[in-house]
Every structure is written in structure tokens, then in C-alpha cells.
2 protein chains.
Amino acid sequence: SLLERQLIILCCCPFLMGFPGLWGCLGQEETSPNLVNCIKICTGFVLNSSLYIKIPSPNFGIKKPFTEVIKANIGDAHAMGQRPITFLRQVVALCTYPNLLDSPSFPEDAKKRARRILQGCGGNSLGSYTASQGINCIREDVASYIERRDGGVPADPDNIYLTTGASDGISAILKILISGDGKSRTGVMIPIPQYPLYSAAISELDAIQVNYYLDEENCWALNVNELRRALNEAKAYCNPKVLCIINPGNPTGQVQSRKCIEDVIHFAWEEKLFLLADEVYQDNVYSEGCQFHSFKKILYEMGPEYYNNVELASFHSTSKGYMGECGYRGGYMEVINLHPEIKGQLVKLLSVRLCPPVSGQAAMDIVVNPPVPGEESYAQFIKEKESVLNNLAKKAKLTEDMFNKIPGVHCNPLQGAMYAFPRIFIPSKAIEEAKAHKMAPDMFYCMKLLEETGICVVPGSGFGQREGTYHFRMTILPPVEKLKILLEKVKDFHIKFLEKYA
Amino acid sequence: SLLERQLIILCCCPFLMGFPGLWGCLGQEETSPNLVNCIKICTGFVLNSSLYIKIPSPNFGIKKPFTEVIKANIGDAHAMGQRPITFLRQVVALCTYPNLLDSPSFPEDAKKRARRILQGCGGNSLGSYTASQGINCIREDVASYIERRDGGVPADPDNIYLTTGASDGISAILKILISGDGKSRTGVMIPIPQYPLYSAAISELDAIQVNYYLDEENCWALNVNELRRALNEAKAYCNPKVLCIINPGNPTGQVQSRKCIEDVIHFAWEEKLFLLADEVYQDNVYSEGCQFHSFKKILYEMGPEYYNNVELASFHSTSKGYMGECGYRGGYMEVINLHPEIKGQLVKLLSVRLCPPVSGQAAMDIVVNPPVPGEESYAQFIKEKESVLNNLAKKAKLTEDMFNKIPGVHCNPLQGAMYAFPRIFIPSKAIEEAKAHKMAPDMFYCMKLLEETGICVVPGSGFGQREGTYHFRMTILPPVEKLKILLEKVKDFHIKFLEKYA
């Protein structure tokens, strides 16, 4: 079968899983190299990777029961048809080709921002290296943004580091925090399910991954008792120093309550843990009654005993939110109470990559310094921003509702972020067949889904899940009409799957 | 003294050396944070780093004997006033803001390239993630470029990896090559003097740095007998697996002869070493009789015994050459004879950073796919390109001549790249004073130079040099008139320095 033939390829490149392109390229010339997007999940990554695969001829001409592969596997908004925010692109284009500063077809507010960014660049050019920490005036804009967001809690540009996407910052800070300890291996607490960048970085840095489980029965809430259980067990075999939180959650979509964040901060203070708050979905909150609270804001509101002592790093990115500018690799990190020596080491480490891409820094500037009321571009900016976010909110609700209508599927509310992570019932016969194929049961399920419907999602085993439970992660990024079709197809597939393996 | 006060700051942040900004910011408000560009050299990096430094008030108002700091420390062309190549920026601006594709003020050849790049992007947007290896059509353009450059030697897009600047590729391949070996530590042979990315990466990866010395008496030539000496000595304490070559040389500026490259390849073949060819200055060759030969081309011309066996990775970048687009963080790596398993690991590793910045990929495309005769933009492109390269050639000769007129300074011909690395005589009295300040003698020299003239260069000890010899690295990027002034100032300083410590 095609599945088996594909598994041979997976065997050669065991890090490649879920080849949408393997089906998508049907009909291409056999000799043409076929760029294949793939997802690696087997060792805990979920990655946007690629290889040229020379597809053996027997694969060609095999009729598939679908005409299009729908990639619902990666949080890549523009690839799913979302349009860039006009203002952001105008400013970056002006910075790229400053001749345009004389063009009447660009608005003045965009030109003003472009001029300011260029003044921060050596030789007024995006082509110069910037300071490793990022352009001065952009870090100032980030600090102002954080102050506005957090109702006036002060932010110091000195504590802001521009990064190459959020991943770069997360990897760097983990490297610094982990490398310092020679005595016993450093433990890093991460949620399960998690975004697999964490498990990958922890394993690469030879630290110990300490799992705490989110409470699926309770909308994926974070419970401090569970943190305490995980920490106490871990102390027997490592030195836990870091606590990672993803809020809003990826892949789980929960938005943490204020009370929960307070509890986590108190716990970190008590246990002297370094808090690592992945807040890249801070603009993606949909459910009524839910609100994004930054860890930093709550930390300040808890008083000096906390804000003078708890160490915190928070991350943001150009890739998510309403802008979805993944390709620019823009991001920032804010650090609080980082020891000056550690800070020195961090700058040193960041220096090795010279500087973050400068157009990504410019894109980050527009995210934190968008048009304001009274400016020429304000109305269009707000319209575009709200259109994206309102659509996402609609799709979040639609997805939750549709999944919960499928027998054997349960889906928590998508309070935020851009994914559904439904729990799926997999019959024991299917589990046996998966085992015969040496696949995780949810991997087997997702491969079948892909082969039969063309829908590409990521098995829950790539993110971690409680033993005996199965999930998959699906983005809600396809346009509403396409998403409806997709959800209908998943429903039909699931019902047939249950019947087949009953 | 100011020097001493500064050393206190250096003590707190021992990775910060050579603060141009510490002098540059005289006159600023005490309370304003001063962005300080700095060079770290003490542990072997030469880096473009930055910190906010709150300068203590006694520093303000101290008269310095210069009005401007000239940063000749970093290969950052645009920061030194070089203008971007118009065509490159036009294409990137068109990709950034595709509305411009309708504008009559952009040439058709630029629009054609922009459309092609956008077609390679998900949703036709620079904001989508690309494959981790880079956009398909850009890798094809890179392969065509290599074939043209190497007189028809075939290049396979499958072997091309787009990177975040060359540094990203070099770090990644070293990581892969080093991580594979559990028995004894991996040795990596690097030239001395070297670009400190290598020593930094080797130390970070816990491998062994195996030094081979370039022959200063012979225009910094690479001698295979010296390679053999270094290898044989290293075999006693590590497992040497990788041989790094920088051609044209950084910081030394030599361009390797065809014969020398053949010898190196034969040596690598004999000793089964992985060749890592840093060829980012391939467009920067100035001396008559010198020509850039790629390692890959020579490898193929040496016949199948070599080209079927020798493993090679070669690196290129948008940052140097005639375009100087450092801020875009664009680059590529071509690998030859990389084992499929290692290749798999490489893709996996690269996947963690998702994808290289997409505007940097676009910039790389223009470097390898510039306007050709008959195209609208050809004339202007060639004019701009040749203006930059002719100027660099002029400055290379000027710099060599001027340095060799200074007593106690010897400078090899700057055959290529963009740096002078003159050898300087430092009197023993100065060496003693440096020791009293716990500084390397050439560091002491460079700090004095900076303090007395405002010229910022990097001590040779940051790159490595034969014991008892002293050098500094200076870029030739300042405009000709400024470079002349700079060289005159260095001359006056050096003569006074010799007198003072005679």
C-alpha cells in the first residue's frame, strides 16, 4: 500500500513524518525534485521542515480520494491565505527602498516610522549589522508597548532583547540558565502538552525535562498542586531551576486566569524557580470572560517581595497575533531580575549570531508601535486587525462546536492561540493495527486522515499527552468556508474510522 | 585615568572590550542610556555587541583629542557609508509590498524576480514560513550560480541550504560533525589567525581546536606541511575530523592559489577530513594575478577519486562581496558527499529554527541571480557593483602601501576580503605596562589608539597569532578620503607610541 511505501521513506529519514507533499505532488514529472513539506514528530519536534524527495514512479498516477492537501499542521497564517497588515508592509518596504520615502502613494505615518527606524540603523540602512541586542529605538518602542499593555508597569529598554523569532530567545535563555550548573543536571519544568521547541531545546542542552500536566477535564487549566507534585518528584533526580509556561496555550489554547498566574508566581517565588513565560499568543484571546494577563503585570501587582525577587523572561513574536509575519523572524524577550552576570553571558551568547535580521526588527517595531487614533493609517489598520481577530474568534467557536458534535471526540473551548487540540477515541483494534505498523496510535490516525482526506494535522504524541489519551493539533487558520469543509471531512473520516475498527 | 576607570567597567562585564561609544557619547545627558557598541575579544570572539551603559558623571566633559570615533573594527559596509545595490533593494521592496508590482517606477526585470520569489512563498507572502532548507526556486538559482561560477561543474539544489547568514550554516554543520562522536573528542583544524566564530563554536561544542598557522612571511599562505604537523600532533590527544579554510582569508586577506587548494584537497582526501570552506569573500579579490578558485571546482577537476569521496561544505553570504547586506542575515551552504544520515540530522537541526528570514533569502537570490546583459537594470547594476569593488581594490593597495611606510609596521598585500592585518612592533616597555594593566600588549596598543585618535580596530589576539607577534585588524571600508586620514592618524600614533616606550 501507499502507506507502507511511504513508511520505507520514513525509515530512511525517521525524522520525517506526515508528508503532505507526498500526495500533493501527484502528477508531477518523475524527474522533477518535489519539495516536500513535512512534520517531524517522532522525537518530540513539530517542525516545518523540507526535503527534496525523488518520488518513485509507482507513486505517480495513484488516484487519491481528494484533490487538495489542506495543511492544518503549522501556525502559518499567510500560507493559509491571511493577508499581511498593510501598514506593517508599507513601513518595511520604505525601510528597504528609501527612495519610496518621496512617493506620494505612501502615508505619512508610515514614512515617519520608517525614517525613525532607519535613523537607528548604521548608515541609515537595513543592511548594516545592528547591536546584538537589537536597534535602540525599537527596544524603546517595545518598552513603551509593554508599559501600555500592563497599565503603566515600568519597562526598561535595557531589559529588552530583540530576537530571531521567539524560538531564538527561548533557546538562548535556556542555554544560559542550563549551562551554569555543573553539579547536578538542571531540571526544566514544562507543560504537557507543550510546544515541542521546549523538549527539543532541553534535550539538546542535556537538561532534564520535568513534566507537569495541564488539566484537560478543566479546560487545560494549570493547577499549582500538579506543579508541586512534579517539582517534588523531580528533586529526587535533578536540580529544577526553570518553570516554563505557555499562555495562551500551544497546542491547548487555554487562557490562564489572573488567580492562576498569581498562584504560579507565588510558587516560583517559594521554590526560587526562573519563570519563562511564552506569551506569543497575547493578542489571540477569543472566549468571553477570558483576558490576557502578562506574568510581568501580575508580578508587579503582587508587590515588591515578588517583583524584586522573581526572575522572569517573557517572549513575543511577529509570527502570531493578527499579523502572522512568521517569515520575518522577528521577536523580543523581556527579562526581569536577571543577574547582571547572567545578563552579560546572554549578550555574549547572542553576539555569536551577530544580530537579529533587521527587517524582522522593523516588523517587530510596527507590532509594538502601530498607528494610533488621529494618524492617517489608523482606520485601515484597525479594520484589518479586527477582521483577522474576529475571524479567528469565529473559527475558534465553530471548531469547538463542530468537534464536540462528533462521537468519540471531545474538544475543550479554544479560549486563545490558534489551534484546536481535540481528544479522540481510538478503538483498540486500531491501536493494535498501529502497533503492527510500529506507529503511535494517534500517528496512525493522522496518517489515515491525511491519506483519505488530504487533511494534514499533527498527532498529539508530538506534544505529549497523558498515557492512554490521544489527540491531534489542528490550526484554525484556513478561511471559514474551507475550515467548515475540513471539519465536515474530519467528522466523516472519524465516523468511518470508528466503524472500521469497531 | 580614563583608561583605568574604563577598566573597572570592563571588569564588571569582562566580555566587553574596546568601547568606542564610551568616548563617542561625551556630551550626552548623564541620565540618558548610552548605546555602546563594543568589541569582545578577551575569550576569542570579535563581536558586534551592545549594552546600555550608564556612564558615571566624571566621564562627561573630559576633552578627547578627536571629534569622531571611526569604527574600523567590523566588516559592516553600509555602516561605513556604502550604498545598497539598487536592484537588490528594489526586488526585496517589491516582495515586501506587492502593490508596488503595479508601479511604473520599478523596472520589469526586478518585478520578474519578485514575482518568481513570491511564487515560491506560501500564500505568495514573505510572511510565511518557508521550508527549513530554504525556498525551492532560490536554491535552484543558487545551484545555477555555482555552476556558472565553476565553469559548468554541476550543482544540485538538493545540496543547497539557505542559512541565516554564513555563521548559522557554519555553526550548524560543526554541530552535526562534532556531535556524532562519543569515543574521543573531535578535533577541528582552523587557521591562525582565524575569524573567531570558529574558536567560539568549537569551544561551545566542547570540541578541540587544532591550530595550523598561516605563513606570514609568505603572504599568509597555507602550507600543507604545517597542516600535517598540526594534524599529527593533534592525533595524540583528539580525533581530528574537520579542516576549516577561510579563502579569501579573514582577517589575513590572502587569496589561495590553485596549487595550494589542490594540495589541501589531497591532504583532506588522504586524511579523511571533512573540508569546511568559508568562501564568503569570493567576490572580494583585488591583487593582480590573484583569482578566486572555489574548493568545489578544484575538487571536481581533480577527478572522481576525489569528487566521489571528499566531503565538503562551502559557505556564502549576502553580508560581504559588493552588496554588504549584513542586516538581512542571508546566506547559503552547499554540501558535497554528505552522508544521507548526516544530511537527515542537518535538516532536523535546521528545522528547530523553523526557517531562515525570508527577506534574507530573497536578498540571497539577487546576489546569485543579478541582472544579465539585455535586462533593463543591467547597466546600473554593473556600474554599482564595479564601483564598490574598484574602490575596495584601491583602498586595499592604499592601505598596504601606507602601513608599510610606517616604521615598525609590516603589512602583507591585501589580496582579497576587506581587512588589513598589519604586524606591529611593540616595544618591551609598552609590553610591561600592558602587563601591569593585565592586558594583552596588542589590546593595550589598540586601546591607546582608540583613546588618542578615536580609531577603533581589533587586537590580533582576538584572532590568534604566533606568540611574540602583535597585530591588529582594520577594515578598509571607510570612504577613501576618510581612510587616508585614518591611516595618517595611525602613523602619527604609532611613531609617538614607539617614542614614548623606546
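None of the values given here were measured: they were computed from a predicted structure. (Residues numbered from 1 in each chain as written. Chains lettered and ligands numbered in written order. Predicted model: local features only at pLDDT ≥ 70, side-chain atom pairs only at ≥ 80, totals over all residues. Heavy atoms only, no water.)

1. Observations concerning the nonpolar core
The criterion, for reference: As used here, the term nonpolar core means buried Ala, Val, Leu, Ile, Met, Phe, Trp, Tyr and Cys residues forming a set that is joined through side-chain atoms within 4.5 Å. Only protein chains enter the accessibility calculation, which uses a 1.4 Å probe; a residue whose area is less than 20% of its type maximum is buried, one above 50% is exposed, and one in between is partly exposed. In what follows, residue pairs with any heavy atoms lying within 4.5 Å of each other are defined as contacts.
In terms of nonpolar packing, the biggest core is built from 251 residues, with I173 and F403 of chain A together with I173 and F403 of chain B touching the most fellow members. If near-sequence neighbours (up to four positions away) are discounted, I173 of chain A is found in contact with F274, L276, A313, F315, M333, V335, L338 and L346 of chain A. Residues L222, L227, I245 and F421 of chain B belong to the second largest nonpolar core, which totals 35 residues.

2. Side note on the interface of chain A and chain B
Note the cut-off: Accessible area that two parts lose when put together, with a 1.4 Å probe and added across both, is what the buried area reports. Throughout this description, the term salt bridge denotes a Lys or Arg side-chain nitrogen within 4 Å of a carboxyl oxygen of Asp or Glu. Polar contact is defined as a pair of N or O atoms within 3.5 Å, subject to the rule that within protein one atom must be able to donate a hydrogen and the other to accept it, and that residues adjacent in sequence are counted only when both atoms are side-chain atoms. Helical segments are the DSSP runs of H or I of at least four residues, strand segments are the runs of E of at least two, and each set is numbered from the N terminus. Any residue that is not Ala, Val, Leu, Ile, Met, Phe, Trp, Tyr, Cys, Pro, Asp, Glu, Lys or Arg is counted as polar, Gly included; the first ten are nonpolar and the last four charged.
Listed as interface residues are 71 residues of chain A and, on the opposing side, 70 residues of chain B. Counting each side, the surface lost to burial between chain A and chain B is near 5,700 Å², with a carbon and sulfur contribution of 57%. For the pair chain A and chain B, the number of links is two salt bridges. A salt bridge links K175 of chain B to E204 of chain A, with the shortest nitrogen-to-oxygen separation between them at 2.4 Å. Across the contact surface, chain A and chain B share 25 residue pairs in polar contact (both at pLDDT 80 or more). Secondary-structure elements contributing two or more residues to the side of chain A that touches chain B are β1 (34-38), β2 (49-53), α3 (86-96), α5 (136-149), α6 (165-179), α7 (197-204), α12 (340-351) and α13 (358-368) of chain A. Broken down by class, the residue content of the side of chain A that touches chain B amounts to 31 nonpolar, 26 polar and 14 charged.

3. Points about the sheet that holds strand β16 (residues 472-475) of chain B
Residue and element names in this part refer to chain B. For clarity, the cut-off: At least two bridges found by DSSP between two strands is the condition for calling them paired.
Overall, antiparallel pairing links the three strands, which are arranged β12-β16-β15 in an open sheet. With one partner strand each, in any of the chains shown, β12 (419-420) and β15 (458-459) form the two edges of the open sheet. The pairing of β12 with β16 spans two bridges and is classified as antiparallel. In the sheet register, Y419 faces β16, and the bridge partner there is T475.

4. Concerning the relation of the copies chain A and chain B
Going by this rule: A residue counts toward the fit only if its pLDDT is at least 70 in both copies, and the copies are then superposed by least squares on the C-alpha atoms of those residues.
By a simple turn and slide, chain A fits onto chain B: the slide is 0.0 Å along the axis, the RMSD is 0.0 Å, and the turn is 180°. What the superposition gives is, in effect, a two-fold axis relating one chain to the other. Relative to the rotation axis, the closest C-alpha in chain A is found at A93 of chain A, a distance of 2.4 Å. When the interface residues of chain A are mapped onto chain B, 97% of them again lie at the interface, so the same face is used by both copies.

5. Regarding the packing of helix α14 (residues 378-404) of chain A against helix α17 (residues 480-500) of chain A
Residues and elements named next belong to chain A. Using the following cut-off: For helices, the fitted axis covers only the stretch in contact; all axes are lines through C-alpha atoms, and the angles between them, taken along N-to-C directions, range from 0 to 180 degrees. Comment on the angle field: the value is read as roughly parallel under 35 degrees, roughly antiparallel over 145, roughly perpendicular from 65 to 115, and oblique elsewhere. The crossing is said to be left-handed when, going from far helix to near helix, the turn is anticlockwise and less than a right angle, and right-handed when the turn is clockwise.
Where α14 meets α17, the closest approach of the two axes is 11 Å, and the angle between their N-to-C directions is 15°. With respect to each other, α14 and α17 are oriented roughly parallel. With respect to the hand of their crossing, α14 and α17 are arranged in right-handed fashion. Contact residues: α14 offers N391, K395, L398, T399, M402 and F403, while α17 offers V480, L483, K484, L487, E488 and V490.

6. What about the packing of aromatic side chains?
What counts here: Note on ring pairs: Phe, Tyr and Trp rings are taken, using the six-membered ring of Trp, and paired if centres are within 6.5 Å. Classes follow the plane angle, with under 30 degrees stacked, over 60 edge-to-face and the rest tilted. The criterion is that NZ of a Lys, or CZ of an Arg, lies within 6 Å of the ring centre and within 35 degrees of the ring normal, and then a charge sits over that ring.
Taken as a whole and judged by the stated rule, the model has 30 aromatic pairs over all chains. Ring geometry for Y322 of chain B and F381 of chain B: centres 5.8 Å apart, planes at 80°, overall edge-to-face. You can see Y322 of chain B sitting in the loop between β9 (312-317) and β10 (330-336) and its partner F381 of chain B sitting in helix α14 (residues 378-404), a full 59 residues away along the chain. Plain terms: the ring middles of Y445 of chain B and F497 of chain B are 4.9 Å apart, the flat faces sit at 75° to each other, and that makes the pair edge-to-face. Here the residue Y445 of chain B occupies a position in helix α16 (residues 441-453), and F497 of chain B occupies one in helix α17 (residues 480-500), the gap between them amounting to 52 residues. The class of Y445 of chain B is buried, set by a relative accessible area of 0%. One aromatic cluster is present, built from ring pairs that chain together F403, F444, Y445, F472, F493, F497 and Y501 of chain A. Against the face of Y300 of chain B rests K296 of chain B, its NZ or CZ located 5.6 Å from the ring centre.

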